[in-house]
Amino acid sequence: MTSQAEQRLADLGLELPPDWAPRGQFLPFRKDGAIVYLSGQICEWAGDVTHSGPVEDTAQGLEAARKAAQICALNLLYRLRTACDGDLDRVDVVLRLGGFVNCRSGFAQSPAVINGATELFIALFGDDGWHARTAVGVAGLPGNASVEVDAIVRLKA
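Residues numbered from 1 in each chain as written. Predicted model: local features only at pLDDT ≥ 70, side-chain atom pairs only at ≥ 80, totals over all residues. Heavy atoms only, no water.

(A) Structural view of the side chain of Ser 110. Tracing the chain through its elements places Ser 110 in helix H3 (residues 110–125). Apart from the residues lying within four places of it in its own chain, the contact partners of Ser 110 are Val 101, Ala 135, Val 136 and Gly 137. (Helix = DSSP H or I, 4+ residues; strand = E, 2+ residues; numbered from the N terminus. Contact = heavy atoms within 4.5 Å.)

Below, the structure written as structure tokens:
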């Protein structure tokens with residue numbers, strides 16, 4: 001049975017990625033009661049980085065980076081589904097999102113880039129998808145990815 005959240009995802013023309021191996025020695029998530037801490041996910045699909053290098057400060061560069069942030073969010077949702085025992089409808093609220101943008105010094109558009117992830121969580125979970133957030137520029141990310149996103153979510157009892 002498909003969750004309502006996954007049906008909304010399909011209605012948006014999106015899908016969760018296939019499984020892949022983490023790039024480092026860490027857990028994809030850690031649960032503490034109803035709280036799920038999701039490890040950072042880069043913009044990769046089936047283990048391949050989809051958007052690499054520093055984000056360019058152009059309309060095309062920003063749109064590509066927003067798409068990269070959306071892919072990060074899809075990867076987070078994949079791991080979150082596992083934490084929810086296969087049912088994303090168990091998500092109560094997205095508490096926090098942290099976004100990291102591979103960019104050059106002086107890049108001021110990190111919040112606009114991370115909106116690509118934020119907007120997906122809101123589309124799937126409505127008001128419960130709104131979250132506190134950090135969006136920062138960094139000099140590099142794993143696999144030379146353009147974007148990485150992590151999250152903290154509370155599950156329903």
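After presenting the structure, the write-up continues.
(B) How the structure looks around the pairing of strand E1 (residues 29–32). Two strands pair when backbone bridges link them, and E1 and strand E2 (residues 35–42) are joined in this way by four bridges, in the antiparallel orientation. Residue pairing in the sheet places Phe 29 in a bridge with Leu 38 of E2. (Pairing = 2+ DSSP bridges.)

(C) How the structure looks around the pattern of salt bridges. Evaluated as defined, the whole model comprises nine salt bridges. Its salt-bridge partner being Arg 104, residue Glu 56 comes within 3.1 Å of it at the nearest N-O pair. Of this pair, Glu 56 sits in the loop between strand E4 (48–49) and helix H2 (59–83) while Arg 104 sits in the loop between strand E5 (91–102) and H3, and the two are 48 residues apart along the sequence. You can call Glu 56 partly exposed: its relative accessible area is 42%. Here Asp 150 makes a salt bridge to Arg 96, at a shortest N to O gap of 3.4 Å. With a gap of 54 residues between them, Asp 150 in strand E7 (residues 147–155) and Arg 96 in strand E5 connect regions that are remote in the sequence. Each of the salt bridges in this network shares a partner with another, and the network as a whole consists of Glu 63, Arg 66 and Glu 119. (Salt bridge = Lys/Arg side-chain N within 4 Å of Asp/Glu carboxyl O. Buried < 20%, exposed > 50% of the residue type's maximum accessible area, 1.4 Å probe, protein only.)

(D) Region of interest: H2. For H2, which comprises 25 residues, the first-to-last C-alpha distance of 36 Å matches the rise-based estimate of 36 Å (1.5 Å per residue) to within 8%. Positive backbone phi, at 55°, marks Asp 85, one or two positions downstream of H2. (Expected span 1.5 Å × (residues − 1).)

(E) Inspection of the nonpolar core at higher detail. Among the nonpolar cores identified, the biggest contains 45 residues, and Leu 77, Leu 80 and Val 113 are the most heavily contacted of them. Those elements giving two or more residues to this core turn out to be helix H1 (4–11), E2, H2, E5, H3 and E7. Once residues within four sequence positions are removed from consideration, Leu 77 is found in contact with Leu 16, Leu 88, Leu 120, Phe 121, Leu 124 and Phe 125. (Core = buried A, V, L, I, M, F, W, Y, C linked by side-chain atoms within 4.5 Å.)

(F) Focus on the sheet that holds E7. Read across the sheet, five strands follow the order E1-E2-E7-E5-E6 without closing on themselves; strand pairing throughout is mixed. Where the open sheet ends on each side, the last strands, each with one partner, are E1 and strand E6 (132–138). Taken over all neighbouring pairs, the strand axes of this sheet differ in orientation by 15° on average, direction set aside. Pairing between E2 and E7: six bridges, direction antiparallel. (Axes fitted to C-alpha atoms, helices over the stretch in contact; angles between N-to-C directions.)

(G) The arrangement of the packing of H1 against H3 in detail. Contact geometry of H1 with H3 gives a least axis separation of 8 Å together with a crossing angle of 120°. Of the possible angle classes, the one that applies to H1 and H3 is oblique. Judged by the twist between their axes, the crossing of H1 over H3 is right-handed. Contact residues: Ala 5, Arg 8 and Leu 9 in H1; Leu 120, Ala 123, Leu 124 and Phe 125 in H3. (Parallel < 35°, antiparallel > 145°, perpendicular 65-115°, else oblique. Left-handed = near helix turned anticlockwise from the far one by under 90°.)

(H) Focus on H1. Ala 5, Glu 6 and Leu 9 are the residues of H1 that are buried. Seen from one end, H1 has its buried residues packed into an arc of 95°, which puts them on one side. Structural note: H1 exposes Gln 4 and Asp 11 on the side pointing more than 90 degrees away from its buried face. Next to the buried residues of H1 lie H2 and H3. The positive-phi residue at the C-terminal boundary of H1 is Gly 13, with phi of around 80°. (Arc of directions from axis to C-beta.)

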